[in-house]
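As a plain string of letters, each chain reads:
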Amino acid sequence: MAAEEMTTIHEAAEKLAQREISSVELTRAHLERIDKLEERVKSFITVTSELALKQAEQADQRIAAGEAGPLTGIPMQMKDVISTKGVTTTCASRMLENYVPVYDATVAERLLLQGAVLLGKGNMDEYAMGSSCENSAFFPTRNPWDLERVPGGSSGGGAAAVAAGEAVYALGSDTGGSVRQPASLCGVVGLKPTYGMVSRYGLVAYASSLDQIGPITRDVTDCALVLNAIVGHDPKDSTSLRQPAVDYRLSLEEYAVSSPLAKGGAQGGPFRLGVPEEYFVDGMQDGVRESVQAAIKTLEGLGAWVEPVSLPTTRYALACYYIIAPSECSANLARYDGVKYGFSYQDTHNMWEAMERTRAGGFGPEVKRRVILGAYALSAGYYDAYYLKAQQARTLIRRDFDRVFEQVDALVTPTSPVVAFRLGEKIDDPVEMYLIDVCTVPANIAGLPGISVPCGFSEGLPVGMQIVGPHLSEQRLLNIAYAYEQATQWHTERPTL
Amino acid sequence: MSLEHAQVEQIALLARISLTPEEVELFQGQISQLLEQFQVLSELDTTDVPPTGHAVDLQAVMRDDDDEDSLDPEDVLRNAPNPEGEYFRVKAVLEE
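So, a few notes on the structure that sits alongside this text.

Each value, and the rule that gives it
Residues numbered from 1 in each chain as written. Chains lettered and ligands numbered in written order. Predicted model: local features only at pLDDT ≥ 70, side-chain atom pairs only at ≥ 80, totals over all residues. Helix = DSSP H or I, 4+ residues; strand = E, 2+ residues; numbered from the N terminus. Rg over C-alpha atoms; globule rule 2.2 N^0.38 Å. Pairing = 2+ DSSP bridges. Axes fitted to C-alpha atoms, helices over the stretch in contact; angles between N-to-C directions. Contact = placed C-beta atoms within 7 Å. Right-handed = clockwise from strand over helix to strand, strands pointing away. Buried ≥ 20, exposed ≤ 12 C-beta atoms within 10 Å, placed from the backbone. Core = buried A, V, L, I, M, F, W, Y, C linked by C-beta atoms within 7 Å. Parallel < 35°, antiparallel > 145°, perpendicular 65-115°, else oblique. Nonpolar A, V, L, I, M, F, W, Y, C, P; charged D, E, K, R; others polar. Expected span 1.5 Å × (residues − 1). Bend = angle between axes of the 7 residues up to and from the residue.

A few words now on the overall build of chain B. Scanning chain B for helices and strands turns up 3 helices and 2 strands. Taking 96 residues into account, the globule formula puts the C-alpha radius of gyration at 12 Å, and chain B, at 23 Å, lies well above it.

Right, here's the structure in full:
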């Protein structure tokens with residue numbers, strides 16, 4: 001099977017089970033594809049060819065022994081913010097350029113236990129701070145649909161690799177939209193689970209109350225399969241939820257019938273979908289608006305009951321996010337002192353100078369900007385006006401969602417107000433860049449799950465629809481997304497490379 | 001709300017990160033612009049609204065105090081920029 005065929009996990013797993021292909025063949029095909037495309041796409045920081053082939057051999061043995069799981073032998077990419085034992089984990093930062101973790105993140109451990117094949121580590125905005133992948137200290141990743149454009153961010157490497165056929169799926173992390181927005185801009189599926197569903201142990205911290213790991217896949221079934229593998233309580237993460245195990249894939253097939261959304265809503269009747277007017281912001285591109293509105297019509301045609309709803313606190317979400325996230329970041333990144341690991345300025349005897357210069361040399365401009373902004377928001381005299389105010393706004397935003405989820409089962413919105421933009425177009429203007437996150441940050445602020453699915457094209461570039469639900473409604477979101485996917489062909493479109 | 005140069009320098013000192021004069025200039029402008037945007041929050045009446053630290057209700061968790069293998073010191077020190085024997089070497093903390 002050639003990587004160009006851009007198989008899904010479930011198709012590949014079937015071929016592996018039938019012995020039509022081996023994991024070694026599948027892995028080799030992807031490594032060849034990476035070899036061929038990386039010069040142009042640049043979605044990997046590290047390619048782990050030898051490790052991948054070794055893992056593929058082991059996977060083939062497991063398959064032969066009849067001990068394969070749904071992800072056994074499937075080649076994937078992991079964002080370079082997720083710790084992988086023995087494999088450099090850089091966070092796309094000079095600070096960690098040579099850092100080799102001594103333990104696996106819980107998600108890495110879980111995937112490897114299932115026989116996943118790690119192709120390498122995905123490019124990203126430095127420390128996951130950014131919306132375009134241009135803040136990588138090493139190189140920007142390019143959008144496979146148009147190499148002059150960004151793939152989105154911060155998990156841009158993962159979305160680009162999946163869209164380009166370099167990996168069957170990827171793991172990203174989402175603090176303000178960093179899985180959903182690049183998925184949208186690259187025409188693939190991306191899910192941010194409910195806060196606490198997936199362990200953050202081994203995920204290098206950016207903003208701890210917002211960070212959550214999620215899958216980037218070619219379709220909704222694959223999303224469910226990866227979610228199955230990574231969720232679950234972890235005693236190593238104090239914010240990890242205790243939820244009974246659910247097979248997210250199991251119920252999807254029920255939504256492959258006609259009018260699948262006419263029943264099964266939370267009230268027993270049709271799915272009730274709310275369309276919040278506040279998400280159709282000024283400055284949204286017409287092509288995005290039209291694609292999402294057409295998708296909403298499709299959902300209605302599938303039996304869903306669609307109604308307009310209002311979330312008046314939406315206009316405060318960006319300010320709330322861009323105070324809370326940098327504040328948490330300024331605390332989290334204080335650990336980089338040049339002593340235990342990472343870049344270290346040694347050319348002085350003064351401890352403070354060493355620390356100050358370590359950070360000056362190790363961090364890029366966006367990271368410095370957020371550390372300074374966060375330290376300011378937390379500093380004496382400004383704490384109440386910024387950090388406390390933002391945390392109170394966070395309560396009001398949550399209450400707004402609580403109220404609207406009494407009315408509807410889920411919300412349908414655009415994922416990003418714009419399609420992929422040109423490299424360099426917004427990088428010098430943080431205010432402009434931060435506006436891109438307007439539709440995605442509210443879910444992080446409220447800890448809600450959200451999924452982005454391809455829903456059309458504008459100017460030849462993919463558009464994504466976001467579906468957001470109450471806490472722990474992943475199954476519901478996947479069901480709605482699956483029903484939509486079955487009725488449309490967008491997820492089968494592939495870029496020409 | 002605009003930020004003075006001296007404030008950026010003061011915050012950089014508190015955050016222990018040295019900035020070039022060009023960075024101070026750049027951040028002074030950009031952060032001032034962002035603070036301006038944040039003023040939108042002043043529209044919100046937050047009287048008696050409790051702050052949210054985490055969006056999902058969490059409880060403090062305790063685990064049993066079982067002994068487990070810890071990380072191997074040799075492995076850990078391999079990432080250290082300036083190790084000495086089994087130790088991380090740090091700059092003098094107390095002035096002579």
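Glancing now at the sheet that holds strand S8 (residues 305-309) of chain A. All names here are of chain A. Taken together, the 11 strands give an open sheet; going across it, the order is S1-S3-S2-S4-S6-S5-S10-S11-S9-S7-S8, and neighbouring strands pair in mixed fashion. Pairing within the sheet leaves two strands with one partner each, and these edge strands are strand S1 (44-47) and S8. For this sheet, the mean angle separating the axes of adjacent strands, direction not counted, is 30 degrees. Pairing between strand S2 (residues 75-79) and strand S4 (residues 169-174): 3 bridges, direction parallel. In the strand pairing of S4, Gln77 is matched with Ala170. In the packing of helix H3 (residues 49-64) onto the sheet, the strands contacted are S1, S2 and strand S3 (117-122), and the crossing angle to S3 comes to about 150 degrees. Seen against the sheet, helix H8 (residues 286-301) touches strand S7 (272-276), S8, strand S9 (410-414), strand S10 (450-458) and strand S11 (461-468) and runs at an angle of roughly 115 degrees to S10.

The next thing to look at is the pairing of S8 of chain A. Residue and element names in this part refer to chain A. Relative to S8, S7 runs parallel, the two sharing 5 bridges. Bridge assignment links Val275 to a residue of S8, and that residue is Pro308. In this fold, the crossover linking S7 to S8 by way of H8 has right-handed handedness.

The next point concerns the environment of Ser22 of chain A. Residues and elements named next belong to chain A. Position of Ser22 relative to the elements: it lies in the loop between helix H1 (9-17) and helix H2 (23-41). Residue classification places Ser22 among the partly exposed residues on the basis of 19 C-beta atoms within 10 Å. As for Ser22 and Ile74, which are separated by 52 residues in sequence, their C-alpha atoms are 9.9 Å apart.

Turning our eyes to something else, we now look at the nonpolar core. Nonpolar side chains in soluble globular proteins tend to end up buried together. Counting residues in hydrophobic clusters, the biggest one holds 168 residues, and the most contacted among them are Met76, Cys320, Ile323, Ile372 and Ala481 of chain A. Ranked by the residues each element gives to this core, the list is headed by helix H9 (residues 314-332) of chain A, at 11 residues. Apart from residues lying up to four places away in sequence, Ile323 of chain A is in contact with Ala377, Tyr386, Tyr387 and Ala390 of chain A together with Phe38 of chain B.

Turning our attention to the environment of Thr358 of chain A. All names here are of chain A. With respect to the helices and strands, the residue Thr358 is situated in helix H10 (residues 351-362). In the structure, Thr358 is positioned 343 residues away from Lys15 in sequence and 50 Å away in space, judged by C-alpha atoms. Once residues within four sequence positions are removed from consideration, Thr358 is found in contact with Tyr336, Asp337, Gly338, Phe343, Ser344 and Tyr345.

We now examine the packing of helix H1 (residues 5-14) of chain B against helix H2 (residues 21-38) of chain B. Residue and element names in this part refer to chain B. For the pair H1 and H2, interaxial distance at closest approach is 9 Å and the crossing angle is 110 degrees. Between H1 and H2, the angle is such that the two are roughly perpendicular. Each of His5, Val8 and Glu9 in H1 lies in contact with H2, whose residues at this interface are Val24, Phe27 and Gln28.

Moving on: the interface of chain A and chain B. Listed by partner, the interface residues are 59 residues for chain A and 44 residues for chain B. Secondary structure elements with two or more residues in the side of chain A that touches chain B: H9, H10, helix H11 (365-378), helix H12 (384-407), helix H13 (430-435) and helix H14 (441-446) of chain A. Counted by class, the side of chain A that touches chain B contains 32 nonpolar, 17 polar and 10 charged residues.

Turning to the environment of Gly158 of chain A, a few remarks are in order. In this fold, Gly158 of chain A is placed in helix H5 (residues 156-164). The contact partners of Gly158 of chain A, leaving out residues within four places of it in the chain, are Gln77, Lys79, Gly122, Ala170, Leu171, Gly172, Pro182 and Ile216 of chain A.

Looking now at unusual backbone geometry. The step from Gly153 of chain A to Ser154 of chain A runs through a cis peptide bond, and the omega angle for that step is 10 degrees. Among the secondary structure elements, Ser154 of chain A is positioned in the loop between S3 and H5. Of note, the phi angle at Arg16 of chain B is positive, near 55 degrees, even though the residue is not glycine. As for its position among the elements, Arg16 of chain B is in the loop between H1 and H2. Judged by the 20 C-beta atoms lying within 10 Å of it, Arg16 of chain B falls in the buried class.

All names here are of chain A. Taking 1.5 Å of rise per residue, 19 residues should cover 27 Å, and H9 covers 27 Å from first to last C-alpha, within 8% of that figure. Taken as a whole, H9 carries its principal kink of about 25 degrees at Cys320. With respect to burial, H9 is a largely interior element, 16 of its 19 residues being buried.

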